[in-house]
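This is what each chain is made of:
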Amino acid sequence: MKISIQTRITKNDLLVLPFYEGKSPKPTQDEALQNQHHPDFEGKLSEQVMIYQKDKISPRILLIGLGPQDKETTETWRRAGGSLATQLKKSIQNITIIPPKENIEFVAAFAEGLLLKHYQYEEVFTDKKRKLTKIQNLSLIIQDKKIGNALKKQLDEIITTTEAVHAVRDMVNAPSNKMSPSLLAKKAQEIAKKSRHLTCKVYGETRLKKMKMGCLIGVGQGAQEETKFIVLEHKYKSKNKKPIVLVGKGICFDAGGINIKMRELPEMKFDMAGAATILGVFQILSKYKLPLHVIGLAPCAENMLGSKAVKPGDILTAYDGTTIEIKNTDAEGRLVLADAIAYAIKNYKPSSIIDVATLTGAAITALGYDISALVSNNNDLKKALKGAAQAADEKIWELPLDADYKDKIKGQIADLDNYSAEVSAGTIMGGAFLEHFTKQTPWAHIDMGGSAWAKEEKPHIPKGATGRMVRTLWKFLKNS
Ligand code: BES
Ligand code: MN
Ligand code: ZN
(Lines give C-alpha, C1' and ligand atoms only; values in the text may rest on other atoms or scores of the structure.)
(Ligands and ions follow the chains in the order given, each with its own letter.)
Protein backbone atom coordinates (compact mmCIF):
# COMPACT_ATOMS: atom_id res chain seq x y z
CA MET A 1 0.00 0.00 0.00
CA LYS A 2 1.11 3.53 -0.82
CA ILE A 3 0.15 6.51 1.28
CA SER A 4 0.40 9.96 -0.27
CA ILE A 5 -0.39 13.47 0.82
CA GLN A 6 -1.87 15.64 -1.93
CA THR A 7 -3.35 19.09 -2.24
CA ARG A 8 -5.75 18.15 -5.05
CA ILE A 9 -7.99 15.18 -5.75
CA THR A 10 -6.78 12.78 -8.45
CA LYS A 11 -8.61 9.84 -10.02
CA ASN A 12 -9.75 7.39 -7.34
CA ASP A 13 -12.25 4.60 -6.69
CA LEU A 14 -13.68 6.13 -3.57
CA LEU A 15 -13.67 9.61 -2.13
CA VAL A 16 -14.23 9.71 1.63
CA LEU A 17 -15.67 12.81 3.26
CA PRO A 18 -15.77 12.67 7.06
CA PHE A 19 -18.19 15.20 8.58
CA TYR A 20 -18.94 16.45 12.06
CA GLU A 21 -22.47 16.04 13.27
CA GLY A 22 -24.62 19.00 12.24
CA LYS A 23 -21.74 20.93 10.64
CA SER A 24 -21.61 22.05 7.03
CA PRO A 25 -18.74 20.75 4.88
CA LYS A 26 -15.51 22.71 4.56
CA PRO A 27 -14.83 24.30 1.13
CA THR A 28 -12.61 21.50 -0.29
CA GLN A 29 -15.21 18.94 0.75
CA ASP A 30 -18.01 21.04 -0.64
CA GLU A 31 -16.24 21.36 -3.98
CA ALA A 32 -15.92 17.56 -4.18
CA LEU A 33 -19.59 17.19 -3.33
CA GLN A 34 -20.53 19.61 -6.13
CA ASN A 35 -23.34 21.11 -4.11
CA GLN A 36 -25.21 17.86 -3.92
CA HIS A 37 -27.67 17.66 -1.09
CA HIS A 38 -27.91 14.80 1.44
CA PRO A 39 -30.60 15.72 3.89
CA ASP A 40 -30.71 12.26 5.51
CA PHE A 41 -27.05 12.32 6.57
CA GLU A 42 -26.60 13.70 10.08
CA GLY A 43 -22.93 13.03 10.77
CA LYS A 44 -23.49 10.74 13.75
CA LEU A 45 -20.34 8.77 14.65
CA SER A 46 -19.60 6.13 11.97
CA GLU A 47 -22.85 6.91 10.06
CA GLN A 48 -22.36 6.34 6.35
CA VAL A 49 -24.03 7.38 3.09
CA MET A 50 -22.64 6.25 -0.27
CA ILE A 51 -23.21 8.37 -3.37
CA TYR A 52 -22.55 6.94 -6.84
CA GLN A 53 -21.75 9.17 -9.79
CA LYS A 54 -20.99 8.33 -13.43
CA ASP A 55 -17.84 9.42 -15.30
CA LYS A 56 -16.42 11.40 -12.45
CA ILE A 57 -12.92 11.59 -10.98
CA SER A 58 -14.51 9.94 -7.92
CA PRO A 59 -17.08 7.33 -9.00
CA ARG A 60 -18.15 6.96 -5.37
CA ILE A 61 -18.35 9.41 -2.52
CA LEU A 62 -18.75 8.15 1.01
CA LEU A 63 -19.99 10.48 3.70
CA ILE A 64 -18.83 9.32 7.14
CA GLY A 65 -19.98 10.79 10.43
CA LEU A 66 -17.44 11.89 13.04
CA GLY A 67 -20.03 12.69 15.69
CA PRO A 68 -20.21 16.06 17.49
CA GLN A 69 -17.10 18.21 17.09
CA ASP A 70 -17.04 19.25 20.74
CA LYS A 71 -16.73 15.58 21.75
CA GLU A 72 -14.04 14.61 19.23
CA THR A 73 -11.02 12.60 20.36
CA THR A 74 -8.46 10.49 18.50
CA GLU A 75 -10.69 7.59 19.55
CA THR A 76 -13.78 8.90 17.74
CA TRP A 77 -11.72 9.59 14.59
CA ARG A 78 -10.12 6.13 14.80
CA ARG A 79 -13.51 4.45 15.11
CA ALA A 80 -14.95 6.42 12.20
CA GLY A 81 -11.92 5.38 10.13
CA GLY A 82 -12.48 1.76 11.16
CA SER A 83 -16.08 1.90 9.99
CA LEU A 84 -14.82 2.76 6.51
CA ALA A 85 -13.13 -0.65 6.23
CA THR A 86 -16.48 -2.43 5.94
CA GLN A 87 -17.10 -0.59 2.63
CA LEU A 88 -14.01 -1.88 0.85
CA LYS A 89 -14.62 -4.23 -2.08
CA LYS A 90 -12.70 -5.50 -5.12
CA SER A 91 -13.58 -2.35 -7.08
CA ILE A 92 -12.27 -0.04 -4.35
CA GLN A 93 -8.48 -0.02 -4.16
CA ASN A 94 -7.67 3.67 -4.52
CA ILE A 95 -9.05 5.77 -1.74
CA THR A 96 -8.90 9.52 -1.25
CA ILE A 97 -9.86 11.21 2.01
CA ILE A 98 -10.62 14.88 2.57
CA PRO A 99 -10.63 15.49 6.32
CA PRO A 100 -12.73 18.38 7.67
CA LYS A 101 -9.78 19.55 9.75
CA GLU A 102 -6.04 19.42 9.08
CA ASN A 103 -5.02 18.06 12.45
CA ILE A 104 -2.16 15.55 12.42
CA GLU A 105 -3.29 13.40 15.38
CA PHE A 106 -6.93 13.19 14.31
CA VAL A 107 -6.29 12.51 10.63
CA ALA A 108 -3.63 9.92 11.48
CA ALA A 109 -6.06 8.21 13.88
CA PHE A 110 -8.69 8.04 11.12
CA ALA A 111 -6.26 6.35 8.71
CA GLU A 112 -5.04 4.10 11.51
CA GLY A 113 -8.60 2.99 12.31
CA LEU A 114 -9.09 2.02 8.68
CA LEU A 115 -5.84 0.03 8.52
CA LEU A 116 -6.38 -1.66 11.89
CA LYS A 117 -9.89 -2.81 10.98
CA HIS A 118 -9.06 -3.89 7.43
CA TYR A 119 -7.84 -7.35 8.41
CA GLN A 120 -8.92 -10.95 8.10
CA TYR A 121 -7.17 -14.18 9.03
CA GLU A 122 -6.88 -15.82 5.65
CA GLU A 123 -3.78 -18.00 5.73
CA VAL A 124 -5.87 -21.15 5.42
CA PHE A 125 -8.52 -20.03 2.91
CA THR A 126 -8.25 -21.99 -0.31
CA ASP A 127 -10.95 -19.88 -1.99
CA LYS A 128 -9.22 -16.71 -3.21
CA LYS A 129 -12.56 -14.93 -3.53
CA ARG A 130 -12.89 -14.91 0.23
CA LYS A 131 -9.69 -12.90 0.61
CA LEU A 132 -9.79 -9.20 1.42
CA THR A 133 -8.88 -6.72 -1.30
CA LYS A 134 -5.65 -4.86 -0.54
CA ILE A 135 -5.70 -1.07 -0.54
CA GLN A 136 -3.35 0.11 -3.32
CA ASN A 137 -3.31 3.86 -2.72
CA LEU A 138 -4.47 5.89 0.22
CA SER A 139 -4.38 9.64 -0.51
CA LEU A 140 -5.05 12.38 1.98
CA ILE A 141 -5.93 15.85 0.81
CA ILE A 142 -4.03 18.32 2.99
CA GLN A 143 -3.37 21.94 2.00
CA ASP A 144 -0.85 22.88 4.70
CA LYS A 145 2.61 21.63 3.61
CA LYS A 146 4.04 21.45 7.13
CA ILE A 147 1.11 19.44 8.45
CA GLY A 148 1.24 17.25 5.35
CA ASN A 149 4.91 16.36 5.92
CA ALA A 150 4.46 15.63 9.61
CA LEU A 151 1.38 13.56 8.83
CA LYS A 152 3.28 11.51 6.24
CA LYS A 153 5.93 10.66 8.83
CA GLN A 154 3.32 9.61 11.33
CA LEU A 155 1.50 7.51 8.74
CA ASP A 156 4.70 5.67 7.80
CA GLU A 157 5.03 4.62 11.42
CA ILE A 158 1.35 3.67 11.55
CA ILE A 159 1.83 1.37 8.56
CA THR A 160 4.67 -0.39 10.40
CA THR A 161 2.79 -0.70 13.69
CA THR A 162 -0.40 -1.87 11.94
CA GLU A 163 1.55 -4.51 10.03
CA ALA A 164 2.86 -5.76 13.36
CA VAL A 165 -0.66 -5.83 14.82
CA HIS A 166 -1.82 -7.84 11.79
CA ALA A 167 1.13 -10.23 12.16
CA VAL A 168 0.24 -10.75 15.83
CA ARG A 169 -3.40 -11.43 14.91
CA ASP A 170 -2.23 -13.96 12.30
CA MET A 171 -0.20 -15.80 14.94
CA VAL A 172 -3.01 -15.75 17.50
CA ASN A 173 -5.78 -16.69 15.06
CA ALA A 174 -3.67 -19.57 13.73
CA PRO A 175 -4.79 -22.90 15.19
CA SER A 176 -2.39 -24.67 17.52
CA ASN A 177 -1.45 -27.22 14.86
CA LYS A 178 -0.15 -24.31 12.80
CA MET A 179 1.37 -22.31 15.65
CA SER A 180 3.34 -24.62 17.93
CA PRO A 181 6.10 -23.38 20.25
CA SER A 182 8.62 -24.39 17.57
CA LEU A 183 6.84 -22.42 14.85
CA LEU A 184 6.50 -19.42 17.12
CA ALA A 185 10.23 -19.62 17.81
CA LYS A 186 10.88 -19.75 14.06
CA LYS A 187 8.83 -16.57 13.64
CA ALA A 188 10.93 -14.88 16.32
CA GLN A 189 14.12 -15.87 14.52
CA GLU A 190 12.79 -14.51 11.23
CA ILE A 191 12.00 -11.19 12.90
CA ALA A 192 15.50 -10.99 14.44
CA LYS A 193 17.11 -11.58 11.05
CA LYS A 194 15.55 -8.38 9.72
CA SER A 195 17.76 -6.05 11.76
CA ARG A 196 21.36 -6.18 12.87
CA HIS A 197 20.31 -4.62 16.16
CA LEU A 198 18.26 -7.69 17.00
CA THR A 199 19.30 -11.14 18.14
CA CYS A 200 17.21 -14.18 18.97
CA LYS A 201 18.09 -17.25 21.01
CA VAL A 202 15.78 -20.22 21.36
CA TYR A 203 16.20 -22.82 24.12
CA GLY A 204 14.69 -26.30 23.72
CA GLU A 205 13.82 -28.83 26.38
CA THR A 206 17.28 -30.33 26.91
CA ARG A 207 18.76 -26.90 27.64
CA LEU A 208 15.79 -25.79 29.71
CA LYS A 209 16.12 -28.85 31.96
CA LYS A 210 19.81 -28.09 32.49
CA MET A 211 18.99 -24.45 33.17
CA LYS A 212 16.49 -25.65 35.81
CA MET A 213 13.45 -23.95 34.31
CA GLY A 214 11.32 -26.35 36.30
CA CYS A 215 7.97 -24.62 35.90
CA LEU A 216 8.15 -24.16 32.15
CA ILE A 217 9.30 -27.75 31.66
CA GLY A 218 6.59 -28.99 34.04
CA VAL A 219 3.79 -27.19 32.21
CA GLY A 220 4.95 -28.50 28.82
CA GLN A 221 5.78 -32.06 29.83
CA GLY A 222 2.38 -33.50 28.90
CA ALA A 223 2.61 -32.30 25.31
CA GLN A 224 4.03 -33.94 22.21
CA GLU A 225 5.16 -30.52 20.94
CA GLU A 226 8.51 -29.39 22.30
CA THR A 227 8.60 -26.57 24.85
CA LYS A 228 10.67 -23.55 23.76
CA PHE A 229 11.97 -20.46 25.49
CA ILE A 230 12.46 -17.50 23.15
CA VAL A 231 14.89 -14.72 24.05
CA LEU A 232 14.87 -11.65 21.81
CA GLU A 233 17.25 -8.77 22.32
CA HIS A 234 17.31 -5.27 20.85
CA LYS A 235 20.37 -3.15 21.51
CA TYR A 236 21.07 0.13 19.76
CA LYS A 237 22.87 3.17 21.21
CA SER A 238 21.12 2.31 24.45
CA LYS A 239 20.69 5.21 26.82
CA ASN A 240 19.39 2.83 29.49
CA LYS A 241 22.14 0.92 31.31
CA LYS A 242 19.77 -1.75 32.59
CA PRO A 243 17.43 -3.24 30.02
CA ILE A 244 13.65 -3.15 29.91
CA VAL A 245 12.32 -6.70 29.82
CA LEU A 246 9.05 -7.60 28.10
CA VAL A 247 7.62 -11.05 28.84
CA GLY A 248 4.74 -12.76 27.02
CA LYS A 249 2.82 -15.92 27.93
CA GLY A 250 3.18 -18.41 25.09
CA ILE A 251 0.77 -21.28 25.77
CA CYS A 252 0.09 -22.41 22.21
CA PHE A 253 -2.83 -24.49 23.41
CA ASP A 254 -4.34 -24.53 26.88
CA ALA A 255 -6.40 -27.69 27.41
CA GLY A 256 -6.17 -27.03 31.14
CA GLY A 257 -4.01 -30.08 31.74
CA ILE A 258 -5.36 -32.79 34.07
CA ASN A 259 -7.78 -30.11 35.35
CA ILE A 260 -9.20 -30.19 31.85
CA LYS A 261 -11.25 -27.22 30.70
CA MET A 262 -14.98 -27.79 30.39
CA ARG A 263 -15.70 -25.01 27.92
CA GLU A 264 -14.37 -22.78 25.16
CA LEU A 265 -11.61 -25.19 24.21
CA PRO A 266 -11.32 -24.12 20.54
CA GLU A 267 -10.52 -20.58 21.63
CA MET A 268 -7.63 -21.77 23.79
CA LYS A 269 -5.30 -21.57 20.79
CA PHE A 270 -5.25 -17.86 21.69
CA ASP A 271 -3.30 -18.46 24.92
CA MET A 272 -0.02 -17.43 23.27
CA ALA A 273 -1.29 -13.91 22.59
CA GLY A 274 1.20 -12.48 25.09
CA ALA A 275 4.15 -14.12 23.34
CA ALA A 276 2.85 -12.99 19.95
CA THR A 277 2.58 -9.44 21.32
CA ILE A 278 6.27 -9.49 22.25
CA LEU A 279 7.17 -10.71 18.74
CA GLY A 280 5.00 -7.93 17.32
CA VAL A 281 6.84 -5.27 19.34
CA PHE A 282 10.18 -6.65 18.13
CA GLN A 283 8.90 -6.63 14.55
CA ILE A 284 8.38 -2.88 14.96
CA LEU A 285 11.83 -2.55 16.58
CA SER A 286 13.33 -4.31 13.54
CA LYS A 287 12.15 -1.36 11.43
CA TYR A 288 12.17 1.55 13.89
CA LYS A 289 15.19 1.20 16.08
CA LEU A 290 15.02 2.99 19.41
CA PRO A 291 18.06 4.01 21.48
CA LEU A 292 17.20 1.35 24.04
CA HIS A 293 18.25 -2.03 25.34
CA VAL A 294 15.12 -4.19 25.31
CA ILE A 295 14.78 -7.91 26.06
CA GLY A 296 11.77 -9.93 24.96
CA LEU A 297 11.08 -13.25 26.67
CA ALA A 298 8.48 -15.77 25.55
CA PRO A 299 8.12 -19.06 27.45
CA CYS A 300 6.21 -21.28 25.02
CA ALA A 301 4.52 -24.62 25.65
CA GLU A 302 1.29 -26.54 25.24
CA ASN A 303 -0.72 -27.29 28.40
CA MET A 304 -1.93 -30.81 27.65
CA LEU A 305 -2.98 -33.89 29.58
CA GLY A 306 -1.88 -37.48 29.53
CA SER A 307 0.30 -39.83 31.52
CA LYS A 308 3.32 -37.54 31.24
CA ALA A 309 1.49 -34.39 32.25
CA VAL A 310 2.10 -32.63 35.53
CA LYS A 311 -0.53 -33.75 38.07
CA PRO A 312 -2.46 -31.84 40.73
CA GLY A 313 -0.43 -32.04 43.92
CA ASP A 314 2.91 -32.30 42.12
CA ILE A 315 5.61 -29.91 43.20
CA LEU A 316 7.70 -27.96 40.71
CA THR A 317 10.85 -25.96 41.38
CA ALA A 318 11.06 -22.62 39.61
CA TYR A 319 14.22 -21.15 38.02
CA ASP A 320 14.91 -19.12 41.18
CA GLY A 321 14.52 -22.18 43.43
CA THR A 322 10.99 -21.42 44.71
CA THR A 323 8.95 -24.60 45.20
CA ILE A 324 5.36 -24.58 44.00
CA GLU A 325 2.54 -27.01 44.63
CA ILE A 326 0.32 -27.45 41.59
CA LYS A 327 -3.13 -27.08 43.07
CA ASN A 328 -4.65 -26.64 39.63
CA THR A 329 -2.91 -27.54 36.36
CA ASP A 330 -5.04 -24.96 34.54
CA ALA A 331 -3.24 -22.13 36.35
CA GLU A 332 -0.25 -22.75 34.07
CA GLY A 333 0.35 -19.24 32.76
CA ARG A 334 1.71 -17.92 36.04
CA LEU A 335 4.10 -20.89 36.19
CA VAL A 336 5.76 -20.27 32.83
CA LEU A 337 5.84 -16.52 33.51
CA ALA A 338 7.41 -17.11 36.94
CA ASP A 339 10.39 -18.85 35.30
CA ALA A 340 10.72 -16.13 32.67
CA ILE A 341 10.57 -13.33 35.24
CA ALA A 342 13.12 -15.12 37.45
CA TYR A 343 15.33 -15.58 34.38
CA ALA A 344 15.08 -11.86 33.62
CA ILE A 345 16.04 -10.85 37.17
CA LYS A 346 19.02 -13.20 37.36
CA ASN A 347 20.48 -12.63 33.90
CA TYR A 348 19.70 -8.99 33.11
CA LYS A 349 19.04 -7.09 36.37
CA PRO A 350 16.40 -5.10 34.44
CA SER A 351 15.21 -1.56 35.16
CA SER A 352 11.66 -2.80 34.69
CA ILE A 353 9.70 -5.87 33.67
CA ILE A 354 6.35 -5.85 31.90
CA ASP A 355 4.52 -9.07 31.26
CA VAL A 356 1.51 -9.53 28.99
CA ALA A 357 -0.59 -12.64 29.31
CA THR A 358 -4.00 -14.19 28.77
CA LEU A 359 -3.73 -15.21 32.39
CA THR A 360 -7.23 -15.41 33.82
CA GLY A 361 -10.84 -15.87 32.81
CA ALA A 362 -11.53 -13.73 35.89
CA ALA A 363 -10.26 -10.72 33.91
CA ILE A 364 -13.43 -11.10 31.81
CA THR A 365 -15.62 -11.10 34.91
CA ALA A 366 -13.84 -8.03 36.27
CA LEU A 367 -13.46 -5.90 33.13
CA GLY A 368 -15.15 -7.60 30.18
CA TYR A 369 -13.67 -8.05 26.73
CA ASP A 370 -12.50 -4.51 26.02
CA ILE A 371 -10.34 -3.59 28.97
CA SER A 372 -7.07 -5.23 30.00
CA ALA A 373 -6.23 -5.56 33.69
CA LEU A 374 -3.09 -3.98 35.14
CA VAL A 375 -1.39 -5.19 38.31
CA SER A 376 1.90 -3.57 39.32
CA ASN A 377 4.29 -2.90 42.17
CA ASN A 378 5.52 0.46 40.87
CA ASN A 379 3.77 3.82 40.51
CA ASP A 380 6.01 5.29 37.81
CA LEU A 381 5.65 2.23 35.64
CA LYS A 382 1.88 2.20 36.11
CA LYS A 383 1.68 5.84 35.11
CA ALA A 384 3.80 5.33 32.01
CA LEU A 385 1.76 2.32 30.91
CA LYS A 386 -1.56 4.01 31.50
CA GLY A 387 -0.41 6.94 29.40
CA ALA A 388 0.81 4.70 26.59
CA ALA A 389 -2.43 2.70 26.63
CA GLN A 390 -4.51 5.85 26.44
CA ALA A 391 -2.49 7.15 23.50
CA ALA A 392 -2.96 3.81 21.74
CA ASP A 393 -6.72 3.77 22.46
CA GLU A 394 -6.26 0.43 24.21
CA LYS A 395 -7.91 0.50 27.61
CA ILE A 396 -6.23 -0.78 30.74
CA TRP A 397 -7.50 -0.60 34.32
CA GLU A 398 -5.57 -1.15 37.49
CA LEU A 399 -6.49 -3.77 40.08
CA PRO A 400 -4.92 -3.54 43.57
CA LEU A 401 -2.10 -5.80 44.72
CA ASP A 402 -3.76 -6.14 48.08
CA ALA A 403 -1.52 -7.28 50.95
CA ASP A 404 -4.11 -9.69 52.38
CA TYR A 405 -4.59 -11.34 49.00
CA LYS A 406 -0.83 -11.49 48.50
CA ASP A 407 -0.53 -13.58 51.66
CA LYS A 408 -2.78 -16.21 50.15
CA ILE A 409 -0.23 -17.41 47.59
CA LYS A 410 1.74 -19.05 50.44
CA GLY A 411 1.78 -22.81 50.12
CA GLN A 412 0.77 -25.43 52.65
CA ILE A 413 3.65 -27.83 51.97
CA ALA A 414 5.64 -25.94 49.31
CA ASP A 415 6.75 -22.28 49.25
CA LEU A 416 3.78 -21.31 47.09
CA ASP A 417 0.53 -22.75 45.75
CA ASN A 418 -0.26 -21.91 42.14
CA TYR A 419 -3.93 -21.53 43.00
CA SER A 420 -5.93 -20.83 46.15
CA ALA A 421 -9.63 -21.60 45.97
CA GLU A 422 -10.56 -19.32 48.85
CA VAL A 423 -9.76 -16.02 47.12
CA SER A 424 -12.20 -15.19 44.32
CA ALA A 425 -10.16 -12.29 42.95
CA GLY A 426 -8.59 -14.48 40.24
CA THR A 427 -6.84 -11.74 38.30
CA ILE A 428 -5.28 -10.17 41.38
CA MET A 429 -4.16 -13.62 42.60
CA GLY A 430 -2.44 -14.25 39.28
CA GLY A 431 -0.63 -10.95 39.69
CA ALA A 432 0.21 -11.64 43.36
CA PHE A 433 1.80 -14.94 42.38
CA LEU A 434 3.98 -13.29 39.72
CA GLU A 435 5.01 -10.49 42.05
CA HIS A 436 6.80 -13.02 44.26
CA PHE A 437 9.33 -13.56 41.48
CA THR A 438 10.03 -9.88 40.71
CA LYS A 439 12.19 -9.34 43.85
CA GLN A 440 11.08 -5.69 44.10
CA THR A 441 12.10 -4.90 40.53
CA PRO A 442 9.62 -2.39 39.03
CA TRP A 443 7.12 -4.66 37.35
CA ALA A 444 3.74 -4.51 35.68
CA HIS A 445 1.47 -7.33 34.64
CA ILE A 446 -1.15 -6.88 31.92
CA ASP A 447 -3.85 -9.56 31.91
CA MET A 448 -5.42 -9.84 28.45
CA GLY A 449 -7.65 -12.80 29.37
CA GLY A 450 -10.63 -10.81 28.09
CA SER A 451 -9.08 -8.32 25.72
CA ALA A 452 -6.93 -10.50 23.44
CA TRP A 453 -9.91 -12.02 21.68
CA ALA A 454 -12.98 -10.23 20.26
CA LYS A 455 -16.05 -12.43 20.29
CA GLU A 456 -17.80 -9.75 18.23
CA GLU A 457 -16.24 -7.22 15.90
CA LYS A 458 -15.62 -3.69 17.19
CA PRO A 459 -15.63 -0.42 15.26
CA HIS A 460 -11.86 -0.57 14.81
CA ILE A 461 -11.13 -4.24 15.62
CA PRO A 462 -12.24 -7.29 13.63
CA LYS A 463 -13.58 -10.49 15.19
CA GLY A 464 -11.01 -12.91 16.67
CA ALA A 465 -7.51 -11.98 17.78
CA THR A 466 -7.35 -8.28 18.61
CA GLY A 467 -3.60 -7.62 18.54
CA ARG A 468 -4.11 -5.33 21.52
CA MET A 469 -1.13 -4.12 23.59
CA VAL A 470 1.35 -4.15 20.70
CA ARG A 471 0.75 -0.46 20.10
CA THR A 472 0.60 0.29 23.84
CA LEU A 473 3.98 -1.37 24.46
CA TRP A 474 5.44 0.36 21.41
CA LYS A 475 4.33 3.76 22.69
CA PHE A 476 5.65 2.87 26.14
CA LEU A 477 9.09 2.06 24.69
CA LYS A 478 9.10 5.21 22.58
CA ASN A 479 8.56 7.29 25.72
CA SER A 480 11.12 5.35 27.79
N1 BES B 1 -5.61 -19.20 29.64
C2 BES B 1 -6.44 -19.31 30.78
C3 BES B 1 -7.19 -18.02 31.06
C4 BES B 1 -8.46 -17.82 30.26
C5 BES B 1 -9.48 -18.74 30.34
C6 BES B 1 -8.63 -16.68 29.51
C7 BES B 1 -10.65 -18.53 29.64
C8 BES B 1 -9.80 -16.47 28.81
C9 BES B 1 -10.81 -17.40 28.87
C10 BES B 1 -5.59 -19.64 32.01
O11 BES B 1 -4.52 -20.45 31.80
C12 BES B 1 -6.49 -20.31 32.96
O13 BES B 1 -6.93 -21.39 32.68
N14 BES B 1 -6.74 -19.68 34.09
C15 BES B 1 -7.60 -20.20 35.09
C16 BES B 1 -6.94 -19.96 36.40
C17 BES B 1 -7.56 -20.66 37.57
C18 BES B 1 -7.43 -22.15 37.46
C19 BES B 1 -6.90 -20.14 38.82
C20 BES B 1 -8.93 -19.49 34.99
O21 BES B 1 -8.95 -18.30 34.71
O22 BES B 1 -9.94 -20.16 35.10
MN1 MN C 1 -5.06 -22.50 31.93
ZN1 ZN D 1 -3.75 -20.46 29.96
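To be clear, the structure that these remarks concern was listed above.
Residues numbered from 1 in each chain as written. Chains lettered and ligands numbered in written order. Predicted model: local features only at pLDDT ≥ 70, side-chain atom pairs only at ≥ 80, totals over all residues. Heavy atoms only, no water.

Caption draft 1: A positive patch on the surface, seen in detail. A cluster of basic residues, Lys186, Lys187, Lys193 and Lys194, forms a positive patch on the protein surface. Among the structural elements, Lys193 can be located in helix H5 (residues 181-193). By relative accessible area, Lys193 is classed as exposed at 71%. (Patch = residues over 30% accessible without salt bridge, like charges linked within 9 Å, V, L, I, M, F, W, Y side chains within 5 Å. Areas by Shrake-Rupley, 256 points an atom, 1.4 Å probe, with all protein chains shown as cover. Salt bridge = Lys/Arg side-chain N within 4 Å of Asp/Glu carboxyl O. Lys, Arg positive; Asp, Glu negative; His and termini not counted. Charge placed at Lys NZ, Arg CZ, Asp CG, Glu CD. Helix = DSSP H or I, 4+ residues; strand = E, 2+ residues; numbered from the N terminus. Buried < 20%, exposed > 50% of the residue type's maximum accessible area, 1.4 Å probe, protein only.)

Caption draft 2: View of the coordination of the zinc ion (ligand 3). Taken together, Lys249 (NZ), Asp254 (OD), Asp271 (OD) and Glu332 (OE) make up the full set of protein donors to the zinc ion (ligand 3), lying 1.9 to 2.4 Å away. Around the zinc ion (ligand 3), the 6 donor atoms are arranged such that angles at the metal cover 79 to 174°; this shape is classified as octahedral. Positions of the donor residues of the zinc ion (ligand 3), expressed as sequence spacing, correspond to K-x4-D-x16-D-x60-E. Between the zinc ion (ligand 3) and the manganese ion (ligand 2), the interatomic distance is 3.1 Å, and Asp254 donates to each metal, bridging them. Here Asp271 is found in the loop between strand S10 (250-254) and helix H8 (273-287), whereas its partner Glu332 is found in the loop between strand S13 (323-325) and helix H9 (333-348), with 61 residues between them in sequence. With relative accessibility at 2%, the residue Asp271 sits in the buried group. (Donors = N, O, S within 2.8 Å, 3.2 Å for Na, K, Ca; no water. Tetrahedral: all angles 85-135°; square planar, octahedral: opposite > 155°, others 65-115°.)

Caption draft 3: Representation of the coordination of the manganese ion (ligand 2). The manganese ion (ligand 2) binds to the protein through Asp254 (OD), Asp330 (O), Asp330 (OD) and Glu332 (OE), with metal-donor distances spanning 2.1 to 2.2 Å. For the manganese ion (ligand 2), the 6 donor atoms in the first shell make angles of 69 to 172° at the metal, a pattern classed as irregular. For the manganese ion (ligand 2), the single-chain donor residues occur in sequence as D-x75-D-x1-E. The class of Glu332 is buried, set by a relative accessible area of 1%.

Caption draft 4: Just the pattern of salt bridges, in detail. Throughout the structure, instances matching the rule amount to 31 salt bridges. As a salt-bridge pair, Glu112 and Arg78 come within 2.9 Å of each other at their nearest N and O atoms. Linking Glu112 in helix H3 (residues 104-117) with Arg78 in helix H2 (residues 74-85), this pair joins segments that are 34 residues apart in sequence. For the pair Glu112 and Arg78, a shared accessibility class is recorded, and that class is buried. Between Lys455 and Glu264 there is a salt bridge; the shortest N-O distance is 2.7 Å. In this pair, Lys455 sits in the loop between strand S19 (453-454) and strand S20 (464-465) while Glu264 sits in the loop between S10 and H8, placing the two residues 191 residues apart along the sequence. Residue Glu264 is classed as partly exposed on the basis of its relative accessible area, which comes to 31%. Counted as one network, the salt bridges with shared partners bring together Arg78, Glu112, Asp393, Glu394 and Arg471.

Caption draft 5: Region of the structure containing unusual backbone geometry. Located in the positive-phi region is Ser46, a residue other than glycine, with phi close to 70°. Within the fold, Ser46 resides in the loop between helix H1 (27-33) and strand S3 (48-52). Non-glycine residue Glu264 carries a positive phi angle of around 55°.

Caption draft 6: Structural view of the environment of Arg78. Arg78 sits in the buried class, given a relative accessible area of 3%. Considering only alpha carbons, one finds Arg78 and Ile345, 267 residues apart in sequence, at a separation of 38 Å. At 3.2 Å, the side chain of Arg78 and the side chain of Asp393 are in polar contact. (Polar contact = N/O pair within 3.5 Å; in protein donor to acceptor, adjacent residues only side chain to side chain.)

Caption draft 7: Representation of the pairing of strand S14 (residues 352-357). Within S14, 6 of the 6 residues are buried, which leaves it mostly tucked inside the rest of the structure. Burial along S14 is two-sided: the face carrying Ser352, Ile354 and Val356 and the face carrying Ile353, Asp355 and Ala357 are both buried. With 5 bridges connecting them, strand S9 (residues 244-248) and S14 associate as parallel partners. Each bridged residue has a counterpart across the sheet, and for Ile244 the counterpart in S14 is Ser352. Direction of pairing for S14 relative to strand S18 (residues 443-447): parallel, over a ladder of 5 bridges. When the bridges of S18 are listed, Val356 appears paired with Ile446. (Pairing = 2+ DSSP bridges.)

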